[in-house]
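# Remarks on the overall topology
Chain by chain, the residues run as shown.
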Amino acid sequence: MRRTRILTAALALAAGLLTGGPPAALAAETPQAAVAADTYTWKNARVDGGGFVPGIVFNRTERDLAYARTDIGGAYRWQEASGTWTPLLDHVGWDDWGHTGVVSIASDSVDPDRVYAAVGTYTNSWDPGNGAVLRSADRGASWRKTDLPFKLGGNMPGRGMGERLAVDPHDNDVLYLGAPSGNGLWRSTDAGVTWSRVTAFPNPGDYAQDPGDTSGYASDNQGITWVTFDESTGGGSSATKTVYVGVADKENAVYRSTDAGATWERIAGQPTGYLAHKGVLDAENGYLYLAYSDTGGPYDGGKGRLYRYATATGTWTDISPVAEADTYYGFSGLTVDRQHPGTVMATAYSSWWPDTQIFRSTDSGSTWTQAWSYTSYPDRENRYTMDVSSSPWLTWGANPTPPEQTPKLGWMTESLEIDPFDSDRMMYGTGATVYGTRNLTNWDSGSRFTITPMVRGLEETAVNDLASPPSGAPLLSALGDIGGFRHTSLTEVPSMMFTSPNFTSSTSLDYAESDPDTVVRVGNLDSGPHIAFSTDNGAHWFGGTDPSGVSGGGTVAAAADGSRFVWSPVGTGVRYTTGFGTSWQASSGIPAGAVVESDRVDPDTFYGFKSGKFYVSTDGGATFSASAATGLPSGDSVRFKALPGVRGDVWLAGGAPDGAYGLWHSTDGGASFTKLPDVEQADTIGFGKAAPGASYQTLYTSAKIGGVRGVFRSTDQGASWTRINDDAHQWGWTGAAITGDPRVYGRVYVATNGRGIVYGDTSATDPGTEPEPAGACAVTYTVTHQWPGGFQADVKLTNTGTAAWNGWALTWSFPHGQKVSRMWNAEHSVSGTAVTARNVGWNGAVAAGSSVGFGFTGEGSGTEAEPASFSLGGESCAVG
């Protein structure tokens, strides 16, 4: 659900969190420090999806070549061999952060190596930069850019309509781009290098979601929404003659040119009162199909229609699968089976309750069937089955009342595509993932087709906060839209997001430094508490009690020993409590909206920051006093943290280009701060395990140092810095949070705004290269649950030797072909019939005489076919 994410991003932008670099003249005057570099390996902590995918595009001439676009998280290319998506825009840097929003993508069918992306996130003031068209001649491995004289809105209302960017299927040097904000239709005749407005096009659109919105977000004219070529009207390399264009205008939604764009006319007889979200042409049968909604989406839509336009006769036919009076949604997702062009599918994209709907016709829209229907209300029958075992959190931990089901078929289903080479494969985007099937034609035979997530590699969460405790799970996260996760393994999808309560977005979290099992998080929720607590390191949660006036999560801090908490929620002032938040008292001496943190040693000491002032409490948050420190950033774009293990050691990052901006350090509990001279800008600060031979923890920051924007590491308290990312790994804006890992030197976790949680390991200390211990082990293998075709097992591995293990890998073979479906508290790999379970980051150290446990679910038989033997490093373990 992306409603929250829009608000989160908007507020962050309005608060000045997403800032550009300083003017060139100012940057030239700043002394630049020499910066070293290190080679890092970067990966995502797997969530798989987590955001809205408004567009999926298959190439029409090369099998298995497909692209997906996201609203704030870049673009991706499908890898058929691995069934994964490869990110294509990680090179987008801080100053061009808006170019991570992709409003449209186009794959060239004449030259499949070419791909284009129209990029830009907001058309209003939230995004300070203009849009651009990116072009690639190597399928997105590298890009060239043409800046546009206007903005584009990958995260604006109407972003699910399209595609707004299209390549002529005959003369592939010709491209069209539909622009928002009254900027009309644009064309390139040199393969996207230069662009000019099509002055002959008569209508730039007039529809805005909310013309009265003073922010400019919902009041923007959604403009030209899609471009479709009729490939039957061209030949060879001559430009296609007939081009159709959709316009955000309820009275004049579809235009056509029959002379390669020289002149244009409104198509006569078209329906009015609706916006055409999609226009898909079946050139073989001569039909243009159109999906209409009464609004621009992607959240809204109360009425809709499907129409078929006969291109030869000009006849319009209403082919809607239901009567207009029975719609409570708009239509958007629309596709034609290119192997069987009479087969058409469409989605009811805005049917939030009880579920989205997908419609299918095999006779060009004359008759329809639907993905689910009521038998006897509220019971329903589905034509499909859903298997979300690869992304189990998609159930949301829900137990809904019929007719709702979990997992849902989807919501915000504006992208829907049948593979042009395979009638059995379909993909569609939702507000949380990409779903797909490989046996779609079962629909027509009366048997069920299977829907699974097809999203691995596409990481699209917006990250608000991160924590890496010294024990327990290595990573806890606060995320937009889907709340957050406890990652016990970085390479496995967690089984569930945080629940009880399930925040729509989590805004802040913290753990007690000396008791990491005690964790607190805060966030946004339409009804219910805005704060939750855990006493088992985030595995289970219970809601707290809100003080009066709370309307949003804000920030929260846990005392070093977990005995008390300080909360700065939205809607009211700073509060403190002892215990788990059953009652709250107002903190005095600190303004509402302050960012709060705790000292990591003294449980009575808390800190705050607001509008250039640093605040300190030494009585558990009851009273705060303003520090005498001066020279700190005057605005509220600030992140600060206290160093674990050292009382009163505080680091503060933040600021803005037109004022104080950088990194400050205090060793006296915030009474005074010293600005680090070599850090020109800094926006986050985090700590990780000290370097070998160092006594002070490693610092990490997203900053500008030595004239370069990047992610940096210091092992000497900021005296020198090493850039650890590179130009290919920038991820747009990284200013929300950063933390090192207290257990693995060099490992860092970076928050992105739409590319999920990125983590990096230095090549010098790759944790995967440490030798594995051998022998001196015992295993207890217990099947805990069984069901037809599956089982669950727990494994206990004991170090029976005399030396501690620093990492372990346990191997066994199943006797009757069982398969591991999903494993927790360990990572697994398979080689033939052999399964190897390896430690995750936090449970690799096993002292002599100690044990470690993990579990898994599997396919096949259970207790009657348990493994007979286990080995560790090639040596047999005793089996208990």
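Residues numbered from 1 in each chain as written. Predicted model: local features only at pLDDT ≥ 70, side-chain atom pairs only at ≥ 80, totals over all residues. Heavy atoms only, no water.

## Here we look at the overall build of the protein
Quick reminder of the rule: A run of DSSP states H or I qualifies as a helix once it reaches four residues; a run of E qualifies as a strand once it reaches two. Both are numbered from the N-terminal end. In this treatment the radius of gyration is a C-alpha quantity, and the globule benchmark scales as 2.2 Å times the residue count to the 0.38 power. The classification of residues rests on relative accessible area computed with a 1.4 Å probe and restricted to protein chains. Under 20% of the type maximum is buried, over 50% is exposed, and intermediate values are partly exposed. Between two residues, a contact is recorded if the distance between any of their heavy atoms is within 4.5 Å. Here the open area of atoms and residues is found with the Shrake-Rupley method and a 1.4 Å probe, where only the protein chains shown may cover a residue.
Counting its regular elements, the protein contains three helices and 72 strands. Taking 29 Å as the expected radius of gyration for a compact globule of 880 residues, we find that the protein reaches 28 Å, a close match to that expectation. Out of the 880 residues in the protein, the part that is buried amounts to 61%. Of the contacts made within the protein by residues no fewer than 6 positions apart, 56% connect residues no fewer than 24 positions apart. Accessible surface, the protein: about 30000 Å² in total, of which carbon and sulfur atoms supply 48%.

## Quick look at the state of the cysteines
Defined as follows: Throughout, a disulfide means two cysteine sulfur atoms within 2.5 Å of one another.
Applying the stated criterion across every chain yields a total of one disulfide. Across the disulfide, C777 is cross-linked to C877 (sulfur-sulfur distance 1.8 Å). One disulfide, between C777 and C877, carries an S-S torsion of -90° and so falls in the left-handed class. Of this pair, C777 sits in strand β61 (residues 777-787) while C877 sits in the loop between β71 (875-876) and β72 (878-879), placing them 100 residues apart in sequence. Just as C777 is buried, C877 falls in that class too.

## Quick look at the side chain of H487
Secondary-structure assignment places H487 in strand β36 (residues 486-487). Assessed through its relative accessible area of 0%, H487 is described here as buried. Excluding residues within four positions of it along the chain, H487 makes contact with A45, R46, V47, A473, P474, L475, E492 and P494.

## Regarding the environment of E231
Heads up, the rule is: For the purposes of these results, a polar contact is taken to be a pair of N or O atoms within 3.5 Å, where, inside protein, one atom must be able to donate a hydrogen and its partner to accept one; residues adjacent in sequence count only when each atom of the pair is a side-chain atom.
Inspection of the secondary structure puts E231 in the loop between β15 (224-229) and β16 (243-247). The spacing of E231 and G93 is 138 residues in sequence and 38 Å in space, taken between C-alpha atoms. Side chain to side chain, E231 and R60 meet in a polar contact 2.9 Å long.

## Looking at the pattern of salt bridges
Put simply, the test is: Criterion for a salt bridge: a side-chain nitrogen of Lys or Arg within 4 Å of a carboxyl oxygen of Asp or Glu.
For the structure on display, the rule yields 29 salt bridges. Across the pair D510 and R600 runs a salt bridge, and its minimum N-O distance is 3.2 Å. Taken together, the residues D510 in strand β37 (residues 505-512) and R600 in the loop between β45 (595-598) and β46 (606-610) connect sequence positions 90 residues apart. Taken together, the shared-partner salt bridges in this structure form one network comprising D64, E80, D419, R425 and R438.

## Structural notes on the pairing of strand β13 (residues 185-188)
Selection criterion: We call two strands paired when DSSP finds no fewer than two bridges between them.
In the sheet, strand β12 (residues 175-178) pairs with β13 via four bridges, with the strands oriented antiparallel. Bridge pairing in β13 places G178 opposite L185. Linkage of β12 to β13, two consecutive antiparallel strands, is achieved through a turn of six residues, within which S181 is found at a positive phi near 60°.

## Focus: the packing of aromatic side chains
Quick note on the threshold: In this scheme Phe, Tyr and Trp rings, the latter by its six-membered ring, pair at centre separations within 6.5 Å, and the angle between planes marks the pair as stacked below 30 degrees, edge-to-face above 60, and tilted otherwise.
Evaluated as defined, the whole model comprises 51 aromatic pairs. Ring geometry for Y176 and F229: centres 5.8 Å apart, planes at 50°, overall tilted. Residue Y176 is located in strand β12, and its partner F229 is located in strand β15; the two are separated by 53 residues in the primary sequence. Like Y176, the residue F229 is buried in the burial classification. Measuring from ring centre to ring centre gives 6.4 Å for Y274 and Y292, while their planes differ by 65°; the resulting arrangement is edge-to-face. Remark: Y292 occurs in strand β20 (residues 287-293) and Y274 occurs in the loop between β18 (265-266) and β19 (275-282); sequence separation between them is 18 residues. With respect to burial, Y274 and Y292 carry one shared label: buried. Cluster of aromatic residues (ring-pair linked, three or more members): Y781, F791, W808, W812, F814, F854, F856 and F870.

## Remarks on the environment of G523
Following the sequence through the fold, G523 ends up in strand β38 (residues 515-524). Measuring from C-alpha to C-alpha, the distance between G523 and E875 comes to 49 Å, with 352 residues separating the pair along the chain. Setting aside residues up to four positions removed in sequence, G523 forms contacts with F503, S505, S506, T507, H530, G552 and G553.

## Describing the confidence of the model for the protein
Put simply, the rule is: Every residue gets a pLDDT, meaning the predictor's confidence in that residue, from 0 to 100.
When pLDDT is averaged along the protein, the result is 93; 94% of the residues meet or exceed 70. Note that residues 1-31 has pLDDT below 50 and, in this model, 70 contacts with residues that lie over four places away or in other chains. Counting interchain partners and residues more than four positions distant, the pLDDT-below-50 stretch residues 766-773 has twelve contacts.

## What to know about the sheet that holds strand β4 (residues 66-69)
Selection criterion: Angles run from 0 to 180 degrees between N-to-C directions of axes, and those axes are lines fitted to C-alpha atoms, restricted for helices to the stretch in contact.
On the basis of which strands lie adjacent, the open sheet formed by four strands has the order β3-β4-β5-β6 and antiparallel pairing. A strand with exactly one partner marks an edge of an open sheet, and here the two such strands are β3 (55-58) and β6 (84-87). Each adjacent strand pair in this sheet contributes to an overall mean axis angle of 30°, direction not counted. Relative to β6, strand β5 (residues 75-79) is paired through four bridges, and the arrangement is antiparallel. Residue Y76 lies in a different strand from β6, and its bridge partner there is P87.

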